[in-house]
Amino acid sequence: MRYLRTAGAAAIRRPRPVDEAEFVAAARRSHDLHHPWLAAPDTAEAYAAYLRKIRRRDHAGYLICDRATGAIAGYANISGILLGALRGGYLGYAAFLPYGGTGHASAGIGLVVEHAFTALGLHRLEANIQPGNEPSRRVARKLGFRLEGYSPDYLFIDGAWRDHERWAITAPA
């Protein structure tokens with residue numbers, strides 16, 4: 001398997017159509033872990049739509065994999081990518097069971113951040129996290145994101161407008 005980046009037990013690569021069955025099964029298996037924070041693509045149709053979205057110029061998607069087995073341990077996306085004076089985007093991420101809490105997600109997300117700041121040439125990433133989502137807050141803190149603010153009714157998730165904290169990180173000088 002060719003990875004974009006590796007660190008310890010984790011590696012990142014781009015999602016492919018052949019990953020559909022494994023990704024969908026992992027998303028279904030992890031539904032309770034993700035609810036109500038996000039809804040991972042858990043059907044063939046949703047996965048195909050996800051692939052179309054991350055192939056757009058303003059999006060990028062990555063699979064976080066276990067290096068020992070190649071299994072999909074989670075995923076991360078950068079959306080709303082803007083170049084020019086901002087050079088930034090919005091980072092979203094999730095671990096899949098049984099990899100939640102193993103360090104795969106934080107290592108993989110760290111690789112995505114590094115890739116964004118080098119290969120993509122971005123300067124800033126923002127992660128919007130619901131206040132009760134402590135696992136995502138821990139990952140953001142661990143990777144050096146700083147809490148910048150609070151946005152009431154910010155994103156429509158699981159049938160309602162949800163409050164979010166805005167966490168951000170900028171490329172090292």
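Up top you'll find the structure we're talking about.
Residues numbered from 1 in each chain as written. Predicted model: local features only at pLDDT ≥ 70, side-chain atom pairs only at ≥ 80, totals over all residues. Heavy atoms only, no water.

Student: Quick question: what am I supposed to make of the layout of surface pockets here?
Tutor: Rolling a probe over the atoms, with the probe sized like a water molecule, indicates the empty space that remains. Roughly 790 Å³ of volume is contained in the largest pocket. Along the wall of the largest pocket there are 28 residues; nearest its centre are Leu38, Gly92, Tyr93, Leu155 and Ile157. When residues of the lining of the largest pocket are traced back to their parent elements, those giving at least two are helix H3 (44–54), strand S4 (72–82), strand S5 (88–95), strand S6 (124–129) and strand S7 (146–157). Sort the elements by how many residues they give to the lining of the largest pocket and S5 lands first, with 5 residues. Of the residues belonging to the lining of the largest pocket, the class tally is 17 nonpolar, 9 polar and 2 charged. Taken as a whole, the second largest pocket holds about 460 Å³ of empty space. Where the lining of the second largest pocket is concerned, the elements lending two or more residues are helix H2 (31–34), S5, helix H4 (104–118) and helix H5 (134–142). Each residue belonging to the lining of the second largest pocket can be placed in one class, and the counts come to 11 nonpolar, 9 polar and 2 charged. (1 Å grid on protein atoms, 1.4 Å probe; cavity = no way out; pocket = protein on both sides within 12 Å on 5 of 7 lines; lining within 4 Å. Points joined across faces, edges and corners; volume = space filled by probe spheres on them. Helix = DSSP H or I, 4+ residues; strand = E, 2+ residues; numbered from the N terminus. Nonpolar A, V, L, I, M, F, W, Y, C, P; charged D, E, K, R; others polar.)

Student: Help me out: how do you make sense of helix H1 (residues 20–29) in this one?
Tutor: Those residues of H1 that sit buried are Phe23, Val24, Ala26 and Ala27. The buried residues of H1 occupy an angular sector of 160 degrees when the element is viewed end-on, so they sit on one face. Facing away from the buried side of H1 by over 90 degrees, the exposed positions are Ala21 and Arg28. On its buried face, H1 sits against H2, H3, strand S3 (60–66) and S4. (Buried < 20%, exposed > 50% of the residue type's maximum accessible area, 1.4 Å probe, protein only. Arc of directions from axis to C-beta. Contact = heavy atoms within 4.5 Å.)

Student: Teacher, can you tell me more about the sheet that holds strand S8 (residues 160–170) here?
Tutor: An order of S1-S2-S3-S4-S5-S6-S8-S7 is seen for the 8 strands of this open sheet, with the pairing classed as mixed. If you trace the sheet from one side to the other, it starts and ends with strand S1 (5–7) and S7, each paired once. Across the sheet, the mean angle separating the axes of adjacent strands is 25 degrees when strand polarity is ignored. Looking at chain direction, S1 and strand S2 (residues 10–13) are connected through 3 bridges and run antiparallel. Counted as the bridge partner of Arg5 is Ile12 from S2. Where H4 meets the sheet, its contacts fall on S1, S2, S3, S4, S5, S6 and S8, and the angle it forms with S2 comes to roughly 45 degrees. (Pairing = 2+ DSSP bridges. Axes fitted to C-alpha atoms, helices over the stretch in contact; angles between N-to-C directions.)

Student: Explain the pattern of salt bridges here, please?
Tutor: Pairs can form between side chains of opposite charge once their charged atoms are near each other. Scanning the model with the defined rule gives 11 salt bridges in all. In this structure, Arg16 and Asp19 form a salt bridge, with 3.1 Å as the shortest nitrogen-oxygen distance. Using a relative accessible area of 32% as the deciding quantity, one classes Arg16 as partly exposed. A relative accessible area of 3% places Asp19 in the buried class. Among the charged side chains, a salt-bridge network with shared partners connects Arg124, Glu126, Arg146 and Glu148. (Salt bridge = Lys/Arg side-chain N within 4 Å of Asp/Glu carboxyl O.)

Student: Looking at this model, I keep getting lost on the nonpolar core. Mind explaining?
Tutor: Grouped burial of nonpolar side chains is what soluble globular proteins tend to show. Core analysis: the biggest nonpolar cluster contains 30 residues, and Ile78, Leu91, Tyr93, Ile109, Val113, Leu125 and Phe145 have the highest contact counts within it. Examining the composition of this core, we find that 7 residues originate from one element, H4, more than from any other. When neighbours within four sequence positions are excluded, Tyr93 is seen to be in contact with Leu38, Tyr75, Ala76, Ile109, Ala127, Ile129, Ser136, Val139 and Ala140. (Core = buried A, V, L, I, M, F, W, Y, C linked by side-chain atoms within 4.5 Å.)

Student: Just checking my understanding: could you explain the pairing of S6 for this structure?
Tutor: For a regular strand, side chains alternate in direction, first toward one face of the sheet and then toward the other. With 6 of 6 residues buried, S6 is to be regarded as a mostly interior element. Residues of S6 alternate between two faces, with Arg124, Glu126 and Asn128 on one and Leu125, Ala127 and Ile129 on the opposite face, all of them buried. In terms of strand pairing, S5 meets S6 through 3 bridges, oriented parallel. Opposite Tyr90, over in S6, you have Glu126 as the bridge partner. For S6 and S8, the ladder comprises 6 bridges, and the chain directions are antiparallel. Along S8, the bridge assignment pairs Ile129 with Glu165.

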